[in-house]
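Listed below are the residues making up each chain.
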Amino acid sequence: MLKFRDRVEVLILSADGKQILLSKWEKGDSFQYVFPGGGVEEGETLDQAATKECLEEVGVRIKSPVVCVHVGPVRPIRGEALMDQ
């Protein structure tokens, strides 16, 4: 059985709105640029998770409140499903 948890991804804009901050995600010899983000821990709010992930991934402390742009279903990535522990 698959086990899912909520996750956050954060769009960080410069003050003038002309630049965004991305995180480099590497796997093997390939890489891609993604929005900073990660899983929401049990008991953690979306604001807290967004703040934590931005600090961990790109070293930026964002200000609350975080504006939620989208909430939707999450589906596993083929071959990378989380299994019950």
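Residues numbered from 1 in each chain as written. Predicted model: local features only at pLDDT ≥ 70, side-chain atom pairs only at ≥ 80, totals over all residues. Heavy atoms only, no water.

Before going further, it helps to spend a moment on the pairing of strand 4 (residues 23-27). Looking at chain direction, strand 4 and strand 5 (residues 30-34) are connected through five bridges and run antiparallel. From the neighbouring strand, S23 faces strand 5, where its bridge partner is V34. Between strand 4 and the antiparallel strand that follows it, strand 5, lie two residues; G28 among them carries a positive phi value of about 65 degrees. (Pairing = 2+ DSSP bridges. Helix = DSSP H or I, 4+ residues; strand = E, 2+ residues; numbered from the N terminus.)

Turning next to the side chain of E53. Along the chain, the position of E53 falls in helix 1 (residues 46-58). We classify E53 as buried; its relative accessible area is 6%. (Buried < 20%, exposed > 50% of the residue type's maximum accessible area, 1.4 Å probe, protein only.)

Quick look at helix 1 now. The end-to-end C-alpha separation of helix 1 is 18 Å, in line with the 18 Å expected for 13 residues at 1.5 Å each. Residues of helix 1 that are buried in the fold lie against strand 1 (7-9), strand 2 (12-13) and strand 6 (37-39). A positive backbone phi angle near 70 degrees is found at G59, which sits one or two residues after helix 1. (Expected span 1.5 Å × (residues − 1). Contact = heavy atoms within 4.5 Å.)

With that settled, the discussion passes to the packing of aromatic side chains. Two measures describe an aromatic ring pair: the distance that separates the ring centres and the angle between the ring planes. In the structure shown here, the tally under the stated rule is one aromatic pair. Relative to Y33, the ring of F31 lies with its centre 5.6 Å away and its plane at 80 degrees, an arrangement referred to as edge-to-face. Taking the relative accessible area as the measure of exposure, F31 reaches 47% and is therefore partly exposed. Here Y33 falls in the exposed class, since its relative accessible area comes to 51%. Lying across the ring of F31, K24 places its NZ or CZ 4.4 Å from the centre. (Phe/Tyr/Trp six-rings, centres within 6.5 Å; stacked < 30°, edge-to-face > 60°. Lys NZ or Arg CZ within 6 Å of the ring centre and 35° of its normal.)

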